[in-house]
Amino acid sequence: MVELSLLGTVFLLAGLLLWLSADSDDDDSSGGLHQPVLVPVPVRQQRR
């Protein structure tokens, strides 16, 4: 039982280290996420 707990702790710590070392999805690696870009949507002026 001790081995199972120790193995779970090792996996938990390894996963935590991988999660903390992963980069965010921004382009300039400055930390944090970029704001979404708003794209204008064309709207028809006449009804069909």
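In the block above lies the structure referred to throughout.
So, a few notes on the structure that sits alongside this text. In this text, all values refer to a predicted model and were calculated from it rather than measured experimentally.

### Notes on the overall build of the protein chain
Argument step 1. Along its length, the protein chain carries one helix and zero strands.
Argument step 2. Within the span of the protein chain, comprising 48 residues, buried residues form 2% of the whole.
Argument step 3. Working note: accessible area of the protein chain is about 5,300 Å², and carbon and sulfur atoms make up 65% of it.

### Considerations on helix α1 (residues 2-21)
Argument step 1. With 20 residues, α1 extends 28 Å from end C-alpha to end C-alpha; this agrees with the ideal 28 Å at 1.5 Å per step.
Argument step 2. Within α1, only zero of the 20 residues are buried, leaving the element largely exposed.

About the criteria used
Residues numbered from 1 in each chain as written. Predicted model: local features only at pLDDT ≥ 70, side-chain atom pairs only at ≥ 80, totals over all residues. Heavy atoms only, no water. Helix = DSSP H or I, 4+ residues; strand = E, 2+ residues; numbered from the N terminus. Buried < 20%, exposed > 50% of the residue type's maximum accessible area, 1.4 Å probe, protein only. Areas by Shrake-Rupley, 256 points an atom, 1.4 Å probe, with all protein chains shown as cover. Expected span 1.5 Å × (residues − 1).

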